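Given next are the chains, with one letter for each unit.
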Amino acid sequence: MKTAGSAFSKKISTKWEIPTLLRALFVIVLLYLFLTGVELLGGGFKNLGKDLVDGLFEGVSNPVGGLFVGLLATVLVQSSSVSTSVIVGLVAAGVVNTGDAVPMIMGANLGTTVTNTLASLGHVRHDVEFKRAFAAATVHDLFNILAVIVFLPIELITGYLSSTASWLTDTLIGSSGSDFKSPLKQAVKLPAKWVKELLSSMGSQGDIKGVLMIVIGLLFIFVSLAFITKNMRLLVADRVETAINHALGAGSGIVAMLLGAIITISVQSSSITTSVLVPLAASGVLTLGNIYPITLGANVGTTVTALLASLATGSPAAVTVAIVHTLFNISGIIVFYPFQKLRQIPINLANRLSDIAVEHRSLALSYTLIAFVIVPLLGVLILR
Amino acid sequence: MVMSFFRRPEESGLENIEAQVQRMVNDARHTFDLALSAVTGGAVETVANEIRTTDRQINATEIEIRRALVVHASVHGGIDTPEVLTFMNMIKDIERIGDYNKNIFDLAEEGVSFTESPELESIISIRDEVSSRISLMGEILSLRDEDRARIYIERGDKLRRDFDQRVTDLVHSTEAAVTAVPRALLFRFLKRVTAHSSNVVSAVIMPVDQLDYFDESEDTRS
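Residues numbered from 1 in each chain as written. Chains lettered and ligands numbered in written order. Predicted model: local features only at pLDDT ≥ 70, side-chain atom pairs only at ≥ 80, totals over all residues.

Regarding the overall build of chain B
Here is the rule we go by: Put simply, DSSP marks the helices as runs of H or I at least four residues long and the strands as runs of E at least two long, and each gets a number from the N terminus on. Atoms counted for the radius of gyration: C-alpha only. Globule rule: 2.2 Å times the number of residues to the power 0.38. Partly exposed residues are those whose C-beta has more than 12 but fewer than 20 other C-beta atoms within 10 Å; with 20 or more the residue is buried, with 12 or fewer it is exposed, and the C-beta atoms are placed from the backbone.
The helix and strand inventory of chain B stands at six helices and zero strands. In chain B, the succession of helices and strands from N to C terminus is α-α-α-α-α-α. Taken over C-alpha atoms, the radius of gyration comes to 19 Å for chain B, in line with the 17 Å a tight globule of 222 residues would show. Taking the principal axes of its C-alpha atoms as reference, chain B extends roughly 65 × 45 × 20 Å. Burial status across chain B gives 41% buried among its 222 residues.

Put into structure tokens, the structure is as follows:
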């Protein structure tokens, strides 16, 4: 009998595996790079001329325009952690005020669900699997849409989210009128200063220097978060697997929600958490009822990145905006989870949408394009 | 349960799954021993409940393992796909062993007993060998012992040929159906148990695409 590489034969790995401790240290370095990126981004915008900045962000003073900008930016970078960190950096730089940032944050929340919706399209060839997968993905979209429908008008009329977040900022870190002494900001000042000095030594100044700082800052944020996510996923994969296995047996929504939040904080990506759920839903291992609270937890967990970024800015306004993100998601949970009838709304809508998608597969792709690209793009162009 | 996330898991996902597979193997051996004892003079009523409960346990474990495999594949991506597919295949074979053990017990419930049979000694000897083979199956799997796996499969081939011959002899015999048919069924079920246990062990030496492919003629094996 010829052996041609059994999956079970004793494996002798020739590939060097990064030791766990080294990988964890690498993540800490990446986190430092991320925070430095946020600092550079804010500094870059401060360096730009007022007219240029006003021109760039004139569309976001319209709340719907701001919503679409946040959505589109998140879809483009495929990460709400990146986009919300950027928004926090803009607020810290004084480029965008808290009131304009809130709809952008809500839009970022919407945009992050495109990843798992795309993941569900991988099951498009099998009716039953596709129905389950698409429902699992779109329940996230629909929860976020419903939360925006409820809380954006409330926020515009009452300022509920921003004033509550502002109060929390005052309580936690002191006066909201001036910068606070953030140890994280002190830590990232030096590398940011080196980059600024390097750019100055290369002859750049004014708007050019500002643009270069923004580009470098965005690069730092994007690359560091991508690698943090990749490495954290490897570091915590076994724990995530154990947690999901436990959640399958648990039955409790609150436990599932907490696990969703903890997993997302660990891997620094709600898209990873919710995308892992899609094949589990497709295979029938998890029901939509199981997935819904994990998704809600992931929504809250992903706000930690922006909170961390805001603490590095030293700007109370930035911290307020980051807290708005968390508060928005928690408020959505308070409305759309505890009460059975309201809890069923996004679930029933997701089931209905997936029924339609199974009958008309092209609609599933159209939905994704229209909801995440065409409508926000048109919205941004028209409302500018 | 939430705090369990912060504790280092004692076993990896696949190690945990393998532990569950070993439990399935132990249960399969247990139901085999009970079923064979029932048809070779043991008390039928006393073991009926235990066989059914253990068989349900085997089925429940299979479902749990399948679920755990899907979770593992979703979390870790495609990196362990061959092992995941191999486990999926393997637990199906172990579950089938449990089913055939129940089929053997069904003979006892129908009143079949081989205590008066001229082949009783042979049946007892086969019983002992197949029972220890089920246990050995689990051992070879956990040690990933390729040499012992080959020897195991070769011996399995001989046993299957022997069972086939016995069934063929009974088909052509002039013996009364009331004695011939139960023995034919017994040897048929024993052949299937032997084949499925060889299938399980084949995971140690065969690639995923060639698992089980010695159930057919040995000529088709590469």
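Topic: the overall build of chain A
Inclusion rule: Contact between residues is assigned whenever the C-beta positions, reconstructed from backbone atoms, fall within 7 Å.
What chain A contains, in helices and strands, is 17 helices and zero strands. Here chain A has a C-alpha radius of gyration of 22 Å; the compact-globule value for 384 residues is 21 Å, and the two agree. The dimensions of chain A, computed from C-alpha atoms along their principal axes, are 70 × 55 × 40 Å. In chain A, which comprises 384 residues, the proportion classed as buried is 54%. Summarising the internal contacts of chain A: among those between residues at least 6 apart in sequence, 81% fall at separations of at least 24.

A short note on the nonpolar core
Note the threshold: Defined on buried residues, the nonpolar core groups Ala, Val, Leu, Ile, Met, Phe, Trp, Tyr and Cys residues joined through C-beta atoms within 7 Å.
In this structure, Ile87(A), Val88(A), Val91(A), Ile105(A), Val321(A), Val39(B) and Val201(B) are the most contacted members of the largest nonpolar core, which totals 177 residues. No other element matches the 14 residues that helix H10 (residues 206-250) of chain A contributes to this core.

Notes on the packing of helix H7 (residues 127-158) of chain A against helix H13 (residues 288-301) of chain A
All names here are of chain A. Basically, it comes down to this: Between N-to-C directions, angles cover 0 to 180 degrees, with each direction set by a line fitted to C-alpha atoms, over the stretch in contact for helices. Should an angle fall under 35 degrees it is taken as roughly parallel, and over 145 as roughly antiparallel, whereas 65 to 115 is taken as roughly perpendicular and any remaining angle as oblique. It is the rotation of the near helix from the far one that decides the hand of a crossing: anticlockwise by less than a right angle makes it left-handed, clockwise makes it right-handed. Residues are sorted three ways: Asp, Glu, Lys and Arg are charged, Ala, Val, Leu, Ile, Met, Phe, Trp, Tyr, Cys and Pro are nonpolar, and all the rest, Gly among them, are polar.
The N-to-C vectors of H7 and H13 enclose an angle of 45°; their axes lie 10 Å apart at closest approach. Between H7 and H13, the angle is such that the two are oblique. Between H7 and H13 lies a crossing of right-handed hand. Every residue of H13 that contacts H7 at Ala135, Ala136, Val139, His140 and Phe143 is listed here: Leu288, Ile291, Tyr292, Thr295 and Leu296. Its residues placed into classes, the contact of H7 with H13 shows eight nonpolar, two polar and no charged.

Some thoughts on unusual backbone geometry
Non-glycine residue Gln78(A) carries a positive phi angle of around 60°. Mapped onto the secondary structure, Gln78(A) falls in the loop between helix H3 (63-77) and helix H4 (80-92). Note on Gln78(A): 17 C-beta atoms within 10 Å, which makes it partly exposed. If you check the backbone angles, Arg144(B) has positive phi at about 55° while not being a glycine. Structurally, the position occupied by Arg144(B) is in the loop between helix H4 (120-143) and helix H5 (146-172).

Details of the environment of Trp167(A)
Following the sequence through the fold, Trp167(A) ends up in helix H8 (residues 160-173). Trp167(A) sits eleven residues away from Leu156(A) along the chain, and the two C-alpha atoms are 17 Å apart.

Here's the deal with H13(A)
All names here are of chain A. So the rule is basically this: Helix span, expected: 1.5 Å multiplied by one less than the number of residues in the helix.
Under the 1.5 Å per step criterion, the end-to-end length of H13 is 20 Å for 14 residues, consistent within 8% with the ideal 20 Å. Burial runs high along H13: twelve of the 14 residues are buried. Where H13 is concerned, the buried positions are Asn290, Ile291, Tyr292, Pro293, Ile294, Thr295, Leu296, Gly297, Ala298, Asn299, Val300 and Gly301.

Comments concerning the environment of Gly43(A)
Residues and elements named next belong to chain A. Inspection of the secondary structure puts Gly43 in helix H1 (residues 20-47). Accessibility expressed as a C-beta count within 10 Å gives 22 for Gly43, which makes it buried. Spatially, the C-alpha atoms of Gly43 and Gly206 are 12 Å apart, while their sequence positions differ by 163 residues. Residues in contact with Gly43, not counting those within four places in the same chain, are Ala192, Lys196 and Met213.

Considerations on the packing of helix H14 (residues 303-313) of chain A against helix H15 (residues 316-336) of chain A
Residues and elements named next belong to chain A. Direction vectors running N to C along H14 and H15 enclose 165°, while the axes themselves pass 8 Å from each other. Comparing the axis directions of H14 and H15 gives the class roughly antiparallel. The element H14 and its partner H15 pack so that their crossing is left-handed. Contact residues: H14 offers Thr303, Ala306, Leu307, Ser310, Leu311 and Thr313, while H15 offers Ala318, Val319, Val321, Ala322, His325, Thr326 and Asn329. Classifying every residue of the contact of H14 with H15 gives seven nonpolar, six polar and no charged.

Observations concerning helix H3 (residues 81-109) of chain B
If you check H3(B), its first and last C-alpha atoms are 42 Å apart, about what 29 residues at 1.5 Å a residue would give, namely 42 Å. Phi turns positive one or two residues past the end of H3(B), at Gly111(B), with a value near 100°.

Focus: the confidence of the model for chain A
Rule in force here: pLDDT expresses how confident the predictor is about each individual residue, on a scale running from 0 to 100.
Scored by pLDDT, chain A comes out at a mean of 87, with 93% of its residues at no less than 70. Between the elements of chain A, mean pLDDT differs from a low of 70, seen in helix H2 (residues 50-56) of chain A, to a high of 95, seen in H15(A).

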